[in-house]
Amino acid sequence: MIASVRGEVLEIALDHVVIESAGVGYRIHATPATLATLRRGEDTRLVTAMIVREDSMTLYGFPDPDARDLFGLLQTVSGVGPRLAMATLAVLDPDSLRAALADGNTAALTRVPGIGKRGAERMVVELRDKVAAFAGTSAPAAVVGSPMRDQVVEALVGLGFPVKQAEQSTDTVLAGDPHADTSTALRSALALLGKSR
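Residues numbered from 1 in each chain as written. Predicted model: local features only at pLDDT ≥ 70, side-chain atom pairs only at ≥ 80, totals over all residues. Heavy atoms only, no water.

A. How the structure looks around the overall build of the chain. From N to C terminus, the chain includes nine helices and five strands. When the helices and strands of the chain are listed from N to C terminus, the series reads β-β-β-α-β-β-α-α-α-α-α-α-α-α. In terms of C-alpha radius of gyration, the chain reaches 18 Å, essentially the compact-globule figure of 16 Å for 197 residues. Viewed in the frame of its principal axes, the chain has a C-alpha envelope of about 55 × 45 × 25 Å. Within the chain, the fraction of its 197 residues that count as buried is 40%. In the chain, of all internal contacts separated by at least 6 residues, the share reaching a separation of at least 24 is 51%. As presented, the chain carries roughly 10700 Å² of accessible surface, and 53% of it is formed by carbon and sulfur atoms. Of the side-chain charges in the chain, 20 are positive and 23 negative, and the distance between the mean point of each set is 5 Å. (Helix = DSSP H or I, 4+ residues; strand = E, 2+ residues; numbered from the N terminus. Rg over C-alpha atoms; globule rule 2.2 N^0.38 Å. Buried < 20%, exposed > 50% of the residue type's maximum accessible area, 1.4 Å probe, protein only. Contact = heavy atoms within 4.5 Å. Areas by Shrake-Rupley, 256 points an atom, 1.4 Å probe, with all protein chains shown as cover. Lys, Arg positive; Asp, Glu negative; His and termini not counted. Charge placed at Lys NZ, Arg CZ, Asp CG, Glu CD.)

B. Structural detail: helix α2 (residues 65–74). Taken together, the buried positions of α2 are D66, A67, L70, F71, L73 and L74. Axial view of α2: buried residues confined to an arc of 165°, hence all on one face. Regarding α2, its N-cap is D64, as a side-chain oxygen of that residue lies 3.2 Å from the backbone nitrogen of D66 further along. (Arc of directions from axis to C-beta. Polar contact = N/O pair within 3.5 Å; in protein donor to acceptor, adjacent residues only side chain to side chain.)

C. Region of interest: the pairing of strand β4 (residues 43–53). Where strand β1 (residues 4–12) meets β4, five bridges bridge the pair, whose relative direction is antiparallel. Bridge pairing in β4 places E8 opposite D43. Taking the residues between adjacent antiparallel strands as the criterion, β4 and strand β5 (residues 56–62) are bridged by two residues. (Pairing = 2+ DSSP bridges.)

D. Highlighting the environment of L35. Locating L35 in the fold gives a position in helix α1 (residues 32–35). Between the alpha carbons of L35 and D95 there is a distance of 19 Å; along the sequence they are 60 residues apart. Apart from the residues within four sequence positions on either side, L35 is in contact with I12, A13, L14, D15, H16, V17 and A30.

E. Spatial organisation of the environment of L127. Along the chain, L127 falls in helix α6 (residues 117–134). Classification of L127 by relative accessible area gives buried; the value is 1%. Between the C-alpha atom of L127 and that of R98, which follows or precedes it by 29 residues, the distance is 9.1 Å. Setting aside residues up to four positions removed in sequence, L127 forms contacts with L73, L74, T76, V77 and L101.

F. Spotlight on the side chain of T44. Looking at the element boundaries, T44 is found in strand β4. Not counting chain neighbours up to four residues away, the residues in contact with T44 comprise V5, R6, G7, V9, I19 and L38.

G. Quick peek at the packing of aromatic side chains. Within the structure shown, the criterion is met by two aromatic pairs. Ring plane angle 40° and centroid distance 5.1 Å describe the contact between Y60 and F71, whose orientation is recorded as tilted. Linking Y60 in strand β5 with F71 in helix α2, this pair joins segments that are eleven residues apart in sequence. Judged on exposure class, the residue Y60 and its partner F71 are both buried. (Phe/Tyr/Trp six-rings, centres within 6.5 Å; stacked < 30°, edge-to-face > 60°.)

H. Structural view of a negative patch on the surface. There is a patch of like negative charges on the surface, built from E8, E20, E42 and D43. The partly exposed category is assigned to E42, whose relative accessible area is 44%. (Patch = residues over 30% accessible without salt bridge, like charges linked within 9 Å, V, L, I, M, F, W, Y side chains within 5 Å. Salt bridge = Lys/Arg side-chain N within 4 Å of Asp/Glu carboxyl O.)

I. Region of the structure containing the sheet that holds β4. Read around the closed barrel, the five strands follow the order β1-β2-β3-β5-β4; overall the barrel is mixed. Strand-to-strand twist in this sheet, taken as the mean axis angle between neighbours without regard to direction, amounts to 55°. Pairing of strand β2 (residues 16–21) with strand β3 (residues 24–29) involves six bridges; the strand directions are antiparallel. Note on β3: the bridge partner recorded for I19 is Y26. Contacting β4 and β5, α2 runs over the sheet at an angle of about 15° to β4. Contacts between helix α3 (residues 82–91) and the sheet are confined to β3, β4 and β5, with β5 contributing the most and set at about 15° to the helix. (Axes fitted to C-alpha atoms, helices over the stretch in contact; angles between N-to-C directions.)

Shown next, in the form of structure tokens:
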């Protein structure tokens, strides 16, 4: 199993990237959002899932383990294969997907090409509880590693909060309001930490 690939970006297409690692070029399918973060000629690392079929071995790439785990979880739903799971993550980022499943928002899920009302309902029924348990395992993908998140965490640590608490409160705030600016996020995180003390 190839769990991640690090190397130089050789080629970026509409639905995949080719990354050269140790002299081998790996073709990795990824969402447009992931592909948009890559630059030809630069070194990068993608977390990957390898799907082996009788007639193919395909790599799917993600910015972090959280997105990859959701990709795997989606495929536990009957009728959802790797392509449909990838299409779902292309339309809904991990946080939006979790929220749609937790809230039973079938309208959001039917925006994914290939998912009808029945399929969306099946996803909600089969994944709602799994996603709720799964959500606490790691920070939301959309905010991990963002410069603003790092600034807020650094400010909270500077104010004397433990790193873990600072990260958790910042992630909670940014998951609830991904477009918050640094000062708003910092105020909200402080309010959240104040409640937990």
